[in-house]
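Geometric and topological summary
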Amino acid sequence: MTEPTDDDLGCVEVVITAESADWLAGFTRSLVEDRLVACGHTITPMRAIYRWEGTVHDEAQARVGLHTRAALVPEIVARADRDHADDVPCVIALPITAGHPAYLRWVHDETRAPSSTE
């Protein structure tokens, strides 16, 4: 049997931002515990400058890069919609086009298959 290619594993990095670094760490931990993501790398503090409802905001935020299967992104978005304080949380998925084969295999192995009910 041949080893799967990077494309076969379908890994992505999901970026989520939040005002509270502590909330984001707890949210990330719950995603890891539920096997929706293999890991999360948090950056804090970071500065976010954006326009929302006609006003420009400039504030401290935290960011996490989550490594997971592309097929799990809809479940992560649904969880963010349910748990995130923002009306429209920043949740974006970036394709991982290549990487260390053993790391990508680990991401795949540490996450579960998507729910069939989603």
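As a starting point, this report considers the structure included with it. Quick caveat: nothing in here was measured; it's all calculated off a predicted structure.

Counting through the fold element by element, H84 comes out in the loop between α3 (73-83) and β4 (91-95). Within the local environment of H84, its side chain forms a polar contact with the backbone nitrogen of D86, the two atoms lying 2.9 Å apart. Beyond its immediate sequence surroundings of up to four residues, H84 is in contact with I16, T17, A18, W23, R79 and P89.

Taken together, the side chains of E19, E53, D86 and D87 define an acidic patch exposed on the protein surface. Position of E19 relative to the elements: it lies in the loop between β1 (11-18) and α2 (21-33). By relative accessible area, E19 is classed as exposed at 61%.

All right, on to helix α4 (residues 101-110) then. Along α4, the positions that sit buried rather than exposed are L104, V107 and H108. In a view along the axis of α4, the buried residues occupy a sector of 95 degrees, so they form one face of it.

Both the distance between ring centres and the angle between the ring planes are used here to describe each pair of aromatic rings. This structure, assessed with the given rule, holds two aromatic pairs. An angle of 40 degrees between the planes, with centres 5.5 Å apart, marks the rings of Y103 and W106 as tilted. Placement of both Y103 and W106 in helix α4 is noted, with a separation of three residues, approximately one turn of the helix. Since its relative accessible area comes to 31%, Y103 is described here as partly exposed. What makes W106 partly exposed here is its relative accessible area of 33%.

The linkage connecting T44 with the following residue, P45, adopts the cis geometry, with an omega of -10 degrees. You can see P45 is positioned in strand β2 (residues 39-52). In the Ramachandran plot, R35 falls in the positive-phi region, its phi being about 60 degrees despite a non-glycine side chain. Counting through the fold element by element, R35 comes out in the loop between α2 and β2. Phi at E53 takes a positive value of approximately 50 degrees, unusual for a residue other than glycine. Relative to the helices and strands, E53 resides in the loop between β2 and β3 (55-69). For E53, a relative accessible area of 69% gives the class exposed.

The rules behind these values
Residues numbered from 1 in each chain as written. Predicted model: local features only at pLDDT ≥ 70, side-chain atom pairs only at ≥ 80, totals over all residues. Heavy atoms only, no water. Helix = DSSP H or I, 4+ residues; strand = E, 2+ residues; numbered from the N terminus. Polar contact = N/O pair within 3.5 Å; in protein donor to acceptor, adjacent residues only side chain to side chain. Contact = heavy atoms within 4.5 Å. Patch = residues over 30% accessible without salt bridge, like charges linked within 9 Å, V, L, I, M, F, W, Y side chains within 5 Å. Areas by Shrake-Rupley, 256 points an atom, 1.4 Å probe, with all protein chains shown as cover. Salt bridge = Lys/Arg side-chain N within 4 Å of Asp/Glu carboxyl O. Lys, Arg positive; Asp, Glu negative; His and termini not counted. Charge placed at Lys NZ, Arg CZ, Asp CG, Glu CD. Buried < 20%, exposed > 50% of the residue type's maximum accessible area, 1.4 Å probe, protein only. Arc of directions from axis to C-beta. Phe/Tyr/Trp six-rings, centres within 6.5 Å; stacked < 30°, edge-to-face > 60°.

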